[in-house]
Amino acid sequence: MYVCLCEGVTDGQIREAIYEGCCSYREVRTSLGVGTQCGKCACLAKQVVRETLSEV
Ligand code: FES
């Protein structure tokens, strides 16, 4: 599912970024660009990051 429509970032891509070494929302944002446009996705993106970090 798309988390960030502005940048076309999916929850799968966010998970992937974390498996590849990102360990915070900030790092995911820098690496994928998620939340850098309108910012509406920030809340959901943070939630996906938090959930994924608690699994790894
Ligand atoms: Fe992510 Fe707009 S939907 S910045």
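Whatever comes next refers back to the structure up there.
So, here is what we can say about the structure in this document. Per chain, residues are indexed from 1 in the order of the written sequence. Thresholds applied to this predicted model are a pLDDT of at least 70 for local features of residues and 80 or more for the giving and counting of side-chain atom pairs; totals over whole chains, interfaces and linings are not thresholded and use all residues. Excluded from the side-chain calculations are hydrogens and water; all other atoms, namely the structure's heavy atoms, are used.

This brings us to the overall build of the chain. For helices the rule is a DSSP run of H or I covering at least 4 residues; for strands it is a run of E covering at least 2, with both sets numbered from the N terminus onward. Across its full length, the chain holds three helices and two strands. The C-alpha atoms of the chain give 10 Å as radius of gyration, which agrees with the globular expectation for 56 residues (10 Å, within 12%). Exposure is judged per residue with a 1.4 Å probe applied to protein chains only, and the accessible area is read against the type maximum: over 50% gives exposed, under 20% gives buried, and values in between give partly exposed. Looking at the chain residue by residue over its 56 residues, the buried ones come to 34%. Residues are treated as being in contact if the distance between any of their heavy atoms lies within 4.5 Å. Looking at the chain alone, contacts between residues at least 24 apart form 51% of all its contacts between residues at least 6 apart. Summed over its atoms, the accessible surface of the chain is roughly 3,500 Å², and 50% of this surface lies on carbon and sulfur atoms. What the globule rule says is 2.2 Å times the number of residues to the power 0.38, and the radius of gyration is computed from C-alpha atoms. A 1.4 Å probe and the Shrake-Rupley method give the accessible areas. Residues count as covered only by the protein chains that appear here.

Time to look at helix α3 (residues 42–55). The span one expects for a helix is its residue count, reduced by one, times 1.5 Å. Between its terminal C-alpha atoms α3 stretches 20 Å, which fits the 20 Å expected from 14 residues at 1.5 Å a residue. Every buried residue belonging to α3 is among Ala-42, Ala-45, Val-48, Val-49 and Thr-52, and all of these are buried. Down the axis of α3, the smallest arc covering the buried residues is 125°, so these residues share one side. Pointing more than 90 degrees away from the buried face of α3 are the exposed residues Cys-43, Arg-50 and Ser-54. Lining the buried residues of α3 we find β1 (2–4), α1 (11–19) and α2 (25–32). Taken from the helix axis, the directions to the C-beta atoms give the arc we talk about.

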